[in-house]
Amino acid sequence: MSQKILTAAGYHRATSYRRHGLTPHSLDWAHQPVPVKRYPQPDRVPLDHDRKLPPLDYPGIMRHASPGHPAAPDIQVMATVFRLAHDVTARAMHGGQPFHYRSVASAGALYPFELYLAAHHIDGLAPGLYHYNLFDFSLTALRRGPVPAIPPVNRGIAATFYITGIFFRSAWKYRSRAYRYVLLDAGHLLENLRLALGALGMDFSIHLDFDDRRAATLLGLDPRREACLVGVHLHGAPAAEMGTGAAGDPKPLAGDILRASVVSDREVAYPDILRIHRAGHAVETGSAGAPPELAVMKKTPASWIGLDPPEFPVPADYARILGQRRSRRNFLSASVSRADLMSFLDLVTGHMGAASAMPPSCRSALATGFLAGSGMPVSPGFYLLDPDARRLGCVSGGGFTESMARACLDQMWLKHAGLHLLFMTDLDALDRTWGPRGYRYAMIEAGRLGQQVYLAATAMGWGACGIGAIYDREAADLLDLSDDGALLYLVGAGPVKRR
Ligand SMILES: Cc1cc2nc3c(=O)[nH]c(=O)nc-3n(C[C@H](O)[C@H](O)[C@H](O)COP(=O)(O)O)c2cc1C
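Residues numbered from 1 in each chain as written. Predicted model: local features only at pLDDT ≥ 70, side-chain atom pairs only at ≥ 80, totals over all residues. Heavy atoms only, no water.

The protein is annotated in an unreviewed UniProt entry as Nitroreductase domain-containing protein from Desulfosarcina alkanivorans.

In structure tokens form, the structure reads like this:
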């Protein structure tokens, strides 16, 4: 068993849900993980939440949000980035406890991710390492003084954002399967961050490959509990003027900072999570840059339809969309026009494939498609998206959405969703090309695109809901995927009942 966990395919299969094979598990509510890191005597830097956000047009961002120009950012701009990346959007009481809705979706609303900033050259913010606290909109200084840039790159770096995942926040509910959600959720947050940087015209680069141990030491993480998953460099003036971060290895931070990775008084360690994460420590470069052949499906599409983007996309205020994004499950089998479907697909595919700012490994680790339900302007069926050729291919015709709702742990409301966006991979190809680290590429990319589906649906006045609860093989068989083909994530989207 443990040997199997050391591969993407092994971990994914070992944590698959099987009908009649789920072991009952009651939630330990008395030891629910806390949603915020608790640092001792935090050295806080308040951020300004009152400043008006600049007007940002969402379709415009989607058309141009690839890395922009090097800049000399100041702390006000960084505050705007944090607000757009991860903010509280509403407050409510759930079961007598305060609950904060956020601009990022998260499996089970467990929010395993955290965001850090290594400041190298930010006007108004001293060089150092900071943790972002979205609840009081502040930064907590964890290091003061120059810090190394991880991973090193040969370009000027003004700052680096790091996204981490705290395993037990999700494992409290999902046990060994939680690594999937930690990665998917990190992808959701990454997409908001990427869009924020792109919307503000900044130049950035996204990294999933770095030395895991160095990153954990820099960020002061307890590596048994919290892992760095993504680094995003914000580029400034040329390297010669700005530098590429302090030289040398970061010194370990104090034990009480590492203890902030503890989120519950009674944590359970799930060895499979640590095994698959640690198995991915080595960065393998892949097959000399050539993208792997993903054998996800047994069949290839028999016919293709061109994606024709709308000439004049309807403007939509990006800050409003972020604020209104929610998981909605009250789908309606209403009819959708061809123009609306094309607008939606244009938004969703705008940053897929070659147009994406993601590392090539992420772009080539995933195949994307959708199930069209009744009411869609294309015949019901299973379609593959080809973002580079701007087309969609019909793999199989027929009504799939009810059977898919059943394969998603009988979440039958999902059968009314006009579209089921499908994020799929070939698990064996991940292992062969990149080793177990390939699992991170595919899952983080799936989560990133899932967040995009939520935002695009909100812009269209539709609803969306991520689905991680899947009887894995049942769903793969329904789609007639290959033996190593897997449906990693599904997001239902379409018209919803108006309140
Ligand atoms: C990776 C992922 C998996 C999810 N899986 C499910 C699911 O299987 N069923 C469901 O009803 N909601 C699912 N959700 C939606 C979350 O429950 C929802 O994001 C969370 O409760 C926060 O609510 P909000 O999205 O409205 O802010 C999922 C979300 C994500 C990001």
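Now for the UniProt feature "domain: Nitroreductase" (unreviewed entry) in the protein. Per the UniProt record, the feature "domain: Nitroreductase" (unreviewed entry) sits at residues 102-231 and 324-494. The distance from the first to the last C-alpha atom of residues 102-231 is 21 Å, and the span holds 29% helix and 32% strand. The annotated region residues 324-494 carries 36% helix and 25% strand content, and the separation between its end C-alpha atoms amounts to 15 Å. (UniProt positions renumbered as here; feature names shortened; annotations may be inferred. Helix = DSSP H or I, 4+ residues; strand = E, 2+ residues; numbered from the N terminus.)

Next up on the list: helix α3 (residues 75-85). For α3, a buried count of 9 out of 11 residues is recorded, marking the element as mostly surrounded by other parts of the structure. Taken together, the buried positions of α3 are I75, M78, A79, T80, V81, F82, R83, L84 and A85. (Buried < 20%, exposed > 50% of the residue type's maximum accessible area, 1.4 Å probe, protein only.)

Read across the open sheet, the 7 strands follow the order β10-β13-β12-β11-β14-β16-β15; overall the sheet is antiparallel. Where the open sheet ends on each side, the last strands, each with one partner, are β10 (303-306) and β15 (463-467). When the angles between neighbouring strand axes are averaged without regard to direction, this sheet yields 30 degrees. Note that strand β12 (residues 381-386) and strand β13 (residues 391-397) share 6 bridges and pair antiparallel. Bridging from a neighbouring strand, Y383 pairs with C394 of β13. Each of β11 (367-372), β14 (419-426), β15 and β16 (485-494) is contacted by helix α15 (residues 438-459), which is oriented at about 10 degrees to β16, the strand it contacts most. (Pairing = 2+ DSSP bridges. Axes fitted to C-alpha atoms, helices over the stretch in contact; angles between N-to-C directions. Contact = heavy atoms within 4.5 Å.)

Not every one of the 22 residues close to the ligand is listed here, only the nearest: R325, S327, R329, Q411 and G466. Contact distances for the ligand include 2.8 Å between a nitrogen atom and a side-chain N or O atom of Q411. Taking G468, its main chain carries an N or O atom lying 3.0 Å from a nitrogen atom of the ligand. The fraction of the free accessible surface of the ligand (620 Å²) that becomes covered by protein chains is 89%. (Near = heavy atom within 4 Å. Polar contact = N/O pair within 3.5 Å; in protein donor to acceptor, adjacent residues only side chain to side chain. Areas by Shrake-Rupley, 256 points an atom, 1.4 Å probe, with all protein chains shown as cover.)

Here we take up helix α9 (residues 271-279). Those residues of α9 not exposed but buried are D272, I273, L274, I276 and H277. Looking at the buried residues of α9, the elements they touch are α1 (8-14), α4 (167-174), α5 (178-199), α6 (212-219), β9 (226-235) and α15.

Grouped together as the largest cluster of nonpolar side chains are 126 residues, with contacts concentrated most on F161 and F344. Counting residues per element, this core draws most heavily on α5, which supplies 13 residues. Mapped onto the domain boundaries, this core takes at least three residues apiece from domain 1 (32-279) and domain 2 (303-494). (Core = buried A, V, L, I, M, F, W, Y, C linked by side-chain atoms within 4.5 Å. Domains from an automatic or database assignment.)

So, about the pairing of strand β5 (residues 128-133). Within β5, 6 of the 6 residues are buried, leaving the element largely enclosed by the surrounding structure. Residues G128, Y130 and Y132 of β5 are buried on one face, and the alternating residues L129, H131 and N133, pointing to the opposite face, are buried as well. The pairing of strand β4 (residues 113-119) with β5 spans 4 bridges and is classified as antiparallel. Looking at the pairing, Y116 lines up with H131 of β5. Pairing of β5 with strand β6 (residues 138-144), which is carried by 6 bridges, proceeds in the antiparallel orientation. The partner of Y132 across the bridge, within β6, is L139. The loop that links β5 with its antiparallel partner β6 comprises 4 residues; one of these, F137, has a positive phi angle of about 45 degrees.

Here we take up empty space enclosed by the protein. Tallied over the full model, the rule gives 2 cavities of 30 Å³ or more. Approximately 90 Å³ is the volume found for the largest cavity. Every residue lining the largest cavity is counted, 14 residues in all, and those nearest its centre are P35, F113, E114, Y132 and L134. Contributions of two or more residues to the lining of the largest cavity are made by β4 and β5. Tallied by class, the residues present in the lining of the largest cavity amount to 8 nonpolar, 3 polar and 3 charged. The space that makes up the second largest cavity amounts to roughly 50 Å³. (1 Å grid on protein atoms, 1.4 Å probe; cavity = no way out; pocket = protein on both sides within 12 Å on 5 of 7 lines; lining within 4 Å. Points joined across faces, edges and corners; volume = space filled by probe spheres on them. Nonpolar A, V, L, I, M, F, W, Y, C, P; charged D, E, K, R; others polar.)

Next up on the list: the side chain of K37. Tracing the chain through its elements places K37 in the loop between α1 and β1 (43-46). In this structure K37 comes out as buried when scored by relative accessible area, which is 4%. A polar contact is formed between the side chain of K37 and the side chain of Y116, at a distance of 2.8 Å.

The strand order across the open sheet formed by 7 strands is β1-β6-β5-β4-β7-β9-β8, and the pairing between neighbours is antiparallel. Both edges of this open sheet fall to β1 and β8 (203-207), since each of them pairs with a single strand only. For this sheet the average axis-to-axis angle between neighbouring strands, irrespective of direction, equals 30 degrees.

Turning to the packing of α5 against α15, a few remarks are in order. In the contact formed by α5 and α15, the axes pass within 6 Å of each other and the chain directions differ by 55 degrees. Considering the angle they form, α5 stands oblique to α15. Judged by the twist between their axes, the crossing of α5 over α15 is right-handed. For the pair formed by α5 and α15, the contact residues are Y179, R180, L183, L184, G187, H188, L190, E191, N192, R194 and L195 on the first element and Y439, R440, M443, I444, A446, G447, R448, G450, Q451, Q452, Y454 and L455 on the second. Tallied by class, residues from the contact of α5 with α15 come to 11 nonpolar, 7 polar and 5 charged. (Parallel < 35°, antiparallel > 145°, perpendicular 65-115°, else oblique. Left-handed = near helix turned anticlockwise from the far one by under 90°.)

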